[in-house]
Amino acid sequence: MREHLVFVTGRLAKARLEKIAAALPPDRFAWTIADAGVKVAALMTEEIIRRRVAVPEGATRIILPGRCRADPAALAAHFGLPVERGPDEIVDLPVFLGLAGRKVDLSRHDVRIFSEIVDASRLTPAEILIRAQDLARRGADVIDLGGLPDTPFPHLADTVRLLKSEGLRVSVDSFSPDELRQGAAAGADFLLSLNEDSLDLAFETDAVPVLVPLRPDDLPSLDRAIERMQRAGRPFIADPILEPIHFGFAASLVRYHETRRRHPDIAMMMGTGNLTELTEADSLGVTALLMGVCSELAIGNVLIVQVSNHTRRTVEEHDAARRVMYAAKADAALPKGYGRALLSLHDKRPYTQTPEEIAALAAEVRDPNYRVAVAEDGVHIYNRNIHKVGRDAMAFFPDLGVEGDGAHAFYLGGELTKAELAWRLGKRYVQDEALDWGCALDGEVEDTTRFKAPGHTRHSGKP
């Protein structure tokens, strides 16, 4: 059945919207553009839309601009039709409608994140709890308490009990059998890491052991430990051990593949820290690749560490990557078109307007307020008096006439610098909005039914 969409917009965006709507497949969509009578769609209110928008007979759905702060539920009740907030940028409308991409659901995953606190033995239980709760907030499912060689951990049991009392799942990671026993007796859910020589400990407790080979290259020893646990009917997780680059990395990938081939149905773990921590490269791409390997081999557990400064977002990166890989695998698709969480430095489609489209908008402006935009040819700034294009934020200053208005000059300097950075990196720029750094930075959570609070500066006018 063909849908009849009603696109609500403002005057400045109407021409661009008509161009995009005209390219929609007519066998799937009929459409009407409803001009709400304001210049900028983001300034629409529910009252304006209720009073000025007429819905034609046969309409099936109303699409609001992404930056419109009206409440879709309230408008749906008024019009008696579904009302949705569309994408922020008109250019993304085909993707929103399912024409140039897929409806993305990143709510699900099938990988459990163990996040290790490597220096737990040097922290107090209260300090560990604060760290653990922060890791859980970021996306960790299990808090791994790491023991250090030749470092006593007398408060291990108390720490396990404290974390469990706060509803956290806990694993204990130690070379000391005594520490593993203490952790298990205190209620630890998992023990890392047992091999065939220490496997008897697994039968003394209900904690699930993570099995490793005697040496990374000794896969038969891991096979024997797996077979012993299977004969006993006990749960376990197998970890063939990922090694760093130039120290067995490629061979370790082969071991993971071979372990999955030999044991198609067992639970497995990959410790990604030997790549993320020991490779001085932005960890997001490394994490995405490793989580892709985990997805292909059905490895449902990852052990991560967050020690180096360049891995300070490793929990968020693993969380984002496990969701993208799950969705792509469910769709039998490449991990492309599943949002921007794994894109930090560059955007797939950075420019939402052409230079010609910006020039057309600039020609319509009748007020002195500056607009800033980015296109392939550089940074644009315009108002009713000027339209300048450049690639150096500071070079615009002599043309702006804000020498006597410090607050406005400060604001424009910040915006133009942000725009220059976006242009140089190939990122999307939106005036008065933070750049989107994917999962490398927390995004702002905002109420999209309310207008934004006033910014830090405002145009105070020339003295």
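Things to note about the sheet that holds strand S7 (residues 169-173)
The strands making up a sheet are joined through hydrogen bonds of the backbone, oriented either antiparallel or parallel. With respect to topology, eight strands assemble into an open sheet ordered S10-S9-S8-S7-S6-S5-S12-S11, the strand pairing being parallel. Strands at the two margins of the open sheet, each flanked by one partner only, are strand S10 (237-238) and strand S11 (269-271). Note: strand S9 (residues 208-211) against S10, two bridges, orientation parallel. In the sheet register, leucine 211 faces S10, and the bridge partner there is alanine 238.

Considering the sheet that holds strand S1 (residues 3-9)
Strand order in this open sheet of four strands is S2-S1-S3-S4, and the pairing throughout is parallel. Pairing within the sheet leaves two strands with one partner each, and these edge strands are strand S2 (29-35) and strand S4 (83-85). Within this sheet the neighbouring strands show an average axis-to-axis angle of 25°, counted without direction. Note that S1 and strand S3 (residues 61-64) share three bridges and pair parallel. Its bridge partner lying in S3, valine 6 is registered against isoleucine 62.

Things to note about the pairing of strand S15 (residues 387-390)
Within a regular strand, side chains alternate between the sheet's two faces. When strand S14 (residues 378-382) meets S15, the two strands line up antiparallel, connected through four bridges. Bridge pairing in S15 links isoleucine 381 to lysine 388. In textbook terms, the turn of a hairpin is the stretch between consecutive antiparallel strands, and for S14 and S15 this stretch comprises four residues.

Some details on the nonpolar core
Formed by 56 residues in total, the largest nonpolar core has its most connected members in Ile117, Ile128, Ile143, Leu145, Val160, Leu163 and Leu211. Grouped together as the second largest cluster of nonpolar side chains are 19 residues, Val8, Ala41, Ile49 and Leu75 included.

Considerations on the packing of helix H8 (residues 219-232) against helix H9 (residues 249-262)
Helix packing for two helices is described by the angle between their axes and how far apart those axes are. Two elements in contact, H8 and H9, have axes separated by 11 Å at closest approach and are oriented at 35°. The hand of the H8/H9 crossing is right-handed. Residues Leu219, Leu222 and Asp223 of H8 pack against Arg255, Glu258, Thr259 and Arg262 of H9.

Details of the environment of glutamate 376
Within the secondary structure, glutamate 376 is located in the loop between strand S13 (371-375) and S14. Put simply, glutamate 376 and proline 355 are 21 residues apart on the chain and 7.3 Å apart in space, counted from C-alpha to C-alpha. If we skip the residues at most four places from it in the chain, glutamate 376 touches Tyr351 and Trp423.

Notes on the confidence of the model for the protein chain
Taken as a whole, the protein chain shows an average pLDDT of 92; of its residues, 95% reach a score of 70 or greater. Below pLDDT 50 for its whole length, residues 457-463 participates in eleven contacts with residues either more than four positions away or in separate chains.

Things to note about unusual backbone geometry
Along the chain, leucine 192 connects to serine 193 via a cis peptide bond; the corresponding omega equals -10°. Within the secondary structure, serine 193 sits in strand S8 (residues 190-194). Phi is positive for alanine 298, close to 55°, though the residue is something other than glycine. Along the chain, the position of alanine 298 falls in the loop between helix H11 (283-297) and strand S12 (301-305). We classify alanine 298 as partly exposed; its relative accessible area is 46%. Within the chain, aspartate 432 stands out as a residue other than glycine whose phi angle is a positive 70°.

Definitions and cut-offs
- Residues numbered from 1 in each chain as written.
- Predicted model: local features only at pLDDT ≥ 70, side-chain atom pairs only at ≥ 80, totals over all residues.
- Heavy atoms only, no water.
- Pairing = 2+ DSSP bridges.
- Helix = DSSP H or I, 4+ residues; strand = E, 2+ residues; numbered from the N terminus.
- Axes fitted to C-alpha atoms, helices over the stretch in contact; angles between N-to-C directions.
- Core = buried A, V, L, I, M, F, W, Y, C linked by side-chain atoms within 4.5 Å.
- Buried < 20%, exposed > 50% of the residue type's maximum accessible area, 1.4 Å probe, protein only.
- Left-handed = near helix turned anticlockwise from the far one by under 90°.
- Contact = heavy atoms within 4.5 Å.
- pLDDT = per-residue confidence, 0-100.

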